[in-house]
Amino acid sequence: MYLTLVAVGFSALILLAYTEKYMAPGLFRTLLYNALALFLAGNILMYIGIRCPKCKATLGYHIVFSAGKAYQCPRCRVNFDEEMS
Ligand SMILES: [Zn+2]
């Protein structure tokens, strides 16, 4: 869910980069700030929102950088398949 927010914000940024010359500067700036805010909010929420169920270590970026294949907490080594299901 957090990843969706990041993906939407990122897509909006790419879309804006391509449509910049067709838009009024004021409108473009408003949309750009909104897309950036969405992207940053998604990143922050993902970072602080995903935590280890046992030691409460923040796992957001660990999971993202391991492409969702994280099955063990990097801190306390708890197995997520057992703890989260
Ligand atoms: Zn842990």
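If you're wondering where the values come from, they're calculated on a predicted model, not measured in any experiment.

A. Quick look at the overall build of the protein. Per the secondary structure count, the protein includes four helices and zero strands. If you list the helices and strands of the protein from N to C, you get α-α-α-α. For the protein, the residues scored as buried account for 7% of the 85 residues in total. Partitioning the contacts of the protein with sequence separation of at least 6, the portion at a separation of at least 24 is 40%.

B. Representation of helix H2 (residues 25–49). With 25 residues, H2 ought to run about 36 Å at 1.5 Å a step, and its terminal C-alpha atoms sit 35 Å apart, in line with that. Of the residues making up H2, those classed as buried are Ala35, Gly42 and Met46.

C. Structural view of unusual backbone geometry. Unusually for a residue other than glycine, Lys56 sits at a positive phi of about 65°. With respect to the helices, strands and loops of the structure, Lys56 is situated in the loop between H2 and helix H3 (60–65). Judged by the 11 C-beta atoms lying within 10 Å of it, Lys56 is exposed. Within the chain, Arg77 stands out as a residue other than glycine whose phi angle is a positive 65°.

D. Looking closely at the environment of Leu31. Positionally, Leu31 belongs in helix H2. The partly exposed category is assigned to Leu31, around which 17 C-beta atoms lie within 10 Å. Between the C-alpha atoms of Leu31 and Leu13, which are 18 residues apart in sequence, the distance is 8.8 Å.

What counts, and where the lines are drawn
- Residues numbered from 1 in each chain as written.
- Predicted model: local features only at pLDDT ≥ 70, side-chain atom pairs only at ≥ 80, totals over all residues.
- Helix = DSSP H or I, 4+ residues; strand = E, 2+ residues; numbered from the N terminus.
- Buried ≥ 20, exposed ≤ 12 C-beta atoms within 10 Å, placed from the backbone.
- Contact = placed C-beta atoms within 7 Å.
- Expected span 1.5 Å × (residues − 1).

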